[in-house]
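Coordinate inspection notes
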Amino acid sequence: MHVLVTGGAGYIGSHTVLLLLEEGHTVSVLDNFSNSSPESLLRVQKLTDRAVEVYEADLLDRDELHGIVMRSRPDAVIHFAGLKAVGESVSEPLLYYRNNVVGTLNLLDAMSAAGCKKLVFSSSATVYGDSVELPLLETTVRSATNPYGRTKLHIEEMLEELGASNPQWSIANLRYFNPVGAHESGQIGEDPQGVPNNLMPFVAQVAIGKREKVNIFGDDYATADGTGVRDYIHVMDLAAGHLAALNYLSTHKGVNAWNLGTGHGTSVLEVIQAFARVSKRDVPYKVVERRPGDVAESYAHPEKAMLDLGWKAERGLEQMVEDMWRWQEQNPDGYRQNV
Ligand code: NAD
Ligand code: WQD
């Protein structure tokens, strides 16, 4: 299958492109490199010994986007491209609506024009808002607590309405829980710019000595050890979920949502302890105030993906941390040292 991957140079995109190539698919990537580097795709091509067609382009440039989709005529699109920093979305809401919602709208127009009606969309567990109903099921009521989350919710709704208007579309809304880890080679991984917003990359930078200590955002939650609990999922398991969804779309029409999570919750303290154990380094931490907007616990009910897609997460916390640590040690400055 020929797959066009938007945002394919990014963290989750690059790991998925690698797996697509390994499985024999033909891959084109469209990325504006606003939060990534072409180096990730160079490494993916080296690791797989396969070539990727790379378009440096912006989803907001409608004409260029149409030209690319018409020219490359993909069988399916996996749509990762988007901005994802929750805090930034609060200070720059229009940037997020424009980039994520308008960008997706442009992509759908271009796909329609090219007659491509198979789409895998990067949604997020953020569409469950601050739901207290656990584990989170695909049928759990959706809501948003910030502009970033609302862009994902609006896009899911837009895709549902598109599917209802034209039954030829095959669409998968994949709701990721907390993606972490790296490819086992240590050659590709997450490369956050500036101070990482997410826990795992922050802990990795403390372990390597780039940052002094982890600030634990609250230890008075109603959880086993008082710190926040999340469903961390290995990025290679997540990548495999996209291939399973693509497979499903080749034989099913309609719009569906699937949770991609492990179904298992891990606390902040457990993450820190796992990192200290694997890296054999000190990981100092300090408990500070809760971060506004955080929920105590979030974890998936992952059965629907197993039933429909035959997919489930295979890797546990130890492997997530080991792979992340390998990437961190081999690339202390991410991709920047090579560009
Ligand atoms: P990322 O920032 O590493 O990758 C996104 C890619 O999209 C980057 O390469 C960026 O340059 C590109 N991009 C952004 N706007 C673009 C535009 N207008 N035109 C072309 N390219 C553009 O992020 P990621 O962690 O790989 O996330 C991928 C997707 O998954 C995003 O949509 C994100 O919202 C979603 N998601 C991520 C997480 C997470 O924690 N990482 C969780 C749930 C959902
Ligand atoms: C995990 C846990 C924090 C940092 C975010 C987005 C969500 C999704 C994934 C895309 C929480 C605690 C964190 C730190 C800490 N992205 N923490 N110290 O908040 O579950 O989800 O990323 O869709 O939309 O909101 O992930 O990694 O930021 O936090 O104590 O320095 O770690 O309070 O309990 P989160 P996270």
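Above this text you will find the structure in question.
In what follows, the accompanying structure is described. None of the values given here were measured: they were computed from a predicted structure.

1. Concerning the site of ligand 2
Taken together, 17 residues form the shell around ligand 2, and within it Ser-124, Tyr-148, Asn-215, Arg-230 and Asp-294 come nearest. Contact distances for ligand 2 include 2.7 Å between an oxygen atom and a side-chain N or O atom of Ser-124. Taken by itself ligand 2 offers 690 Å² of open surface, and the protein chains cover 86% of this. Sort the elements by how many residues they give to the shell around ligand 2 and strand E8 (residues 214-217) lands first, with three residues. Residue composition of the shell around ligand 2, grouped by class: seven nonpolar, seven polar and three charged.

2. A few points about the environment of Lys-117
One can find Lys-117 in the loop between helix H5 (93-114) and strand E5 (118-124). Judged by its relative accessible area of 23%, Lys-117 falls in the partly exposed class. As a C-alpha pair, Lys-117 and Asp-323 span 206 residues in sequence and 35 Å in three-dimensional space. In contact with Lys-117, not counting residues within four places along its chain, are Ser-112, Asn-166, Gln-168, Trp-169 and Ser-170.

3. Observations regarding the nonpolar core
In this structure, Val-5, Val-17, Leu-20, Val-27, Val-120, Leu-174 and Leu-260 are the most contacted members of the largest nonpolar core, which totals 43 residues. Tallying contributions element by element places helix H8 (residues 235-249) first for this core, with 10 residues. When sequence neighbours within four positions are dropped, the list of residues in contact with Val-120 reads Val-77, Ile-78, His-79, Ala-172, Leu-174, His-242, Ala-245, Leu-246 and Leu-249.

4. Focus on the side chain of Asn-106
Considering the arrangement of structural elements, one finds Asn-106 in helix H5. Residue classification places Asn-106 among the buried residues on the basis of a relative accessible area of 4%. The residues contacting Asn-106, other than those within four sequence positions of it, are Leu-59, Leu-60, Arg-62, Leu-65 and His-66.

5. Things to note about the environment of Gly-209
One can find Gly-209 in the loop between helix H7 (199-207) and E8. Taking C-alpha positions, Gly-209 is 27 Å from Ala-9, a pair spaced 200 residues apart along the chain.

6. Remarks on the packing of H7 against helix H11 (residues 317-330)
At their nearest, the axes of H7 and H11 sit 10 Å apart, and the two run at 55° to each other. In this view, H7 runs oblique relative to H11, as classed from their interaxial angle. H11 is crossed by H7, and the crossing has right-handed handedness. When H7 is examined against H11, the residues Met-200, Pro-201, Ala-204, Gln-205 and Ala-207 are found in contact with a partner set consisting of Leu-317, Val-321, Met-324, Trp-325 and Gln-328. Tallied by class, the residues present in the contact of H7 with H11 amount to eight nonpolar, two polar and no charged.

Each value, and the rule that gives it
Residues numbered from 1 in each chain as written. Chains lettered and ligands numbered in written order. Predicted model: local features only at pLDDT ≥ 70, side-chain atom pairs only at ≥ 80, totals over all residues. Heavy atoms only, no water. Near = heavy atom within 4 Å. Polar contact = N/O pair within 3.5 Å; in protein donor to acceptor, adjacent residues only side chain to side chain. Areas by Shrake-Rupley, 256 points an atom, 1.4 Å probe, with all protein chains shown as cover. Helix = DSSP H or I, 4+ residues; strand = E, 2+ residues; numbered from the N terminus. Nonpolar A, V, L, I, M, F, W, Y, C, P; charged D, E, K, R; others polar. Buried < 20%, exposed > 50% of the residue type's maximum accessible area, 1.4 Å probe, protein only. Contact = heavy atoms within 4.5 Å. Core = buried A, V, L, I, M, F, W, Y, C linked by side-chain atoms within 4.5 Å. Axes fitted to C-alpha atoms, helices over the stretch in contact; angles between N-to-C directions. Parallel < 35°, antiparallel > 145°, perpendicular 65-115°, else oblique. Left-handed = near helix turned anticlockwise from the far one by under 90°.

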